[in-house]
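Each chain is listed here by its residues.
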Amino acid sequence: MEKDTAILVLSCDKYKDAWNPFFILFKKYWPSCNFPVFLGVNEQDFTFEGIQVIKSGKALDWSNDTIHILKQIPYDYIILILEDYFFQRPVDTKWLDECIAFTKEKNASFMRIASFRKDHFPMYPFEISNENKRFGVNQNNGPYALNLQAGIWKKSELIELIKPGESPWEFEVNASIRSKNQNKLSLAIVESSNSNSIVGPLPYLCTAITKGVWMREAINLCKKENIKLVQNTRSIESKWQYFLRKTYHSMPFWTRKYLDFLR
């Protein structure tokens, strides 16, 4: 399974304060990882046992930097994770291997291996596969059929889907449209969460940093794990911001979408 598959933790230099806590948690909750692990950055150096750093050079934009990083990875499939997806529990390696095998068997461009609550279905609609009920085939009308939650990518098709000049948020929307127009196959795990936590073979916090600010869940997780964060580079979410966010995310999906529209 490891021979043609690698892990890419995709980042940039302005998130360098997340690298050390990310990999401390990665090593704790995935000590038996047999995949090559790469960290994609711009120009900063970073040393951590078992991690290979790939540099894009001077930052241009997310798309160009990502393409440059991907082209340096000599593997056909990439398990893509962002640097602030802090692991919270042990990785389910058996489930992950099953995800990789099914992605390859179906020659899919992408498999999302992270799920949210059931009411998020309109954002990631799928039809359950007849071949394996644990997986779904993403519907082409889904606004985020392709996305940057933890996922398995066929590297050549990911490079093809990225267009220079796009931000990661633009990529998710526009690449989903491009994928639909090119009739590319994308997949997803079917299991969903009963809470706001992520479900999947890689159980991670989504996310540790939002809009440049440390989320309070990340602060609490690192305190619990005795991980020291560098806190002089970015602020921490206030208690009021935390309350508003938790209240918002506790609402049903369509209520949130209506509020988003009003804003």
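These numbers come from a predicted model, not from an experiment. (Residues numbered from 1 in each chain as written. Predicted model: local features only at pLDDT ≥ 70, side-chain atom pairs only at ≥ 80, totals over all residues. Heavy atoms only, no water.)

Student: Just checking my understanding: could you explain the packing of aromatic side chains for this structure?
Tutor: Each pair of aromatic rings is reported with the distance of its centres and the angle of its planes. The full count for this structure, using the stated rule, is 22 aromatic pairs. For the ring pair Phe-86 and Trp-214, a centre distance of 6.2 Å and an interplane angle of 55 degrees mean the geometry is tilted. Of this pair, Phe-86 sits in strand 5 (residues 86-87) while Trp-214 sits in strand 13 (residues 213-214), and the two are 128 residues apart along the sequence. Side by side, Phe-86 and Trp-214 carry an identical accessibility label, which is buried. Taking the centre distance of 5.6 Å and the plane angle of 25 degrees together, the rings of Trp-240 and Phe-243 count as stacked. Here Trp-240 pairs with Phe-243, and both are found in helix 7 (residues 239-250), just three residues apart, close to one helical turn. Using a relative accessible area of 55% as the deciding quantity, one classes Trp-240 as exposed. Under the relative-accessibility criterion, Phe-243 is labelled partly exposed at 47%. Members of the aromatic cluster, joined through ring pairs, are Trp-19, Phe-22, Phe-23, Phe-26, Trp-30, Phe-35, Phe-46, Phe-48 and Phe-87. (Phe/Tyr/Trp six-rings, centres within 6.5 Å; stacked < 30°, edge-to-face > 60°. Helix = DSSP H or I, 4+ residues; strand = E, 2+ residues; numbered from the N terminus. Buried < 20%, exposed > 50% of the residue type's maximum accessible area, 1.4 Å probe, protein only.)

Student: Got a minute to help me understand the pairing of strand 8 (residues 135-138) in this structure?
Tutor: The two faces of a sheet get side chains in turn, since along a regular strand they alternate between them. Bridge analysis of strand 7 (residues 126-128) against strand 8 gives three bridges, and the strand direction is antiparallel. Opposite Glu-127, over in strand 8, you have Val-137 as the bridge partner. Hairpin connection of strand 7 to strand 8: six residues between the antiparallel strands. Of the pairings in the sheet, the one linking strand 8 to strand 10 (residues 186-189) comprises three bridges and is antiparallel in character. Across the sheet, Gly-136 pairs through a bridge with Ala-188, a residue of strand 10. (Pairing = 2+ DSSP bridges.)

Student: Sorry if this is basic, but what is going on with the nonpolar core here?
Tutor: Inside soluble globular proteins, nonpolar side chains tend to come together where they are buried. Residues Ile-7, Phe-23, Trp-30, Ile-79, Phe-86, Phe-87 and Leu-202 are the most contacted members of the largest nonpolar core, which totals 83 residues. Look past the residues within four positions of Leu-202 in its chain and what remains in contact with it is Trp-30, Ile-79, Ile-81, Phe-87, Val-91, Leu-96, Ile-113 and Ala-150. (Core = buried A, V, L, I, M, F, W, Y, C linked by side-chain atoms within 4.5 Å. Contact = heavy atoms within 4.5 Å.)

Student: Please clarify how empty space enclosed by the protein should be interpreted in this entry.
Tutor: In this approach the atoms are scanned with a rolling probe the size of a water molecule, which exposes any empty space left behind. In this structure the tally under the stated criterion is one cavity of 30 Å³ or more. The space that makes up the largest cavity amounts to roughly 40 Å³. Sorting elements by how many residues they give to the lining of the largest cavity places helix 5 (residues 168-181) first, with three residues. Among the residues forming the lining of the largest cavity, the class breakdown is one nonpolar, six polar and two charged. (1 Å grid on protein atoms, 1.4 Å probe; cavity = no way out; pocket = protein on both sides within 12 Å on 5 of 7 lines; lining within 4 Å. Points joined across faces, edges and corners; volume = space filled by probe spheres on them. Nonpolar A, V, L, I, M, F, W, Y, C, P; charged D, E, K, R; others polar.)

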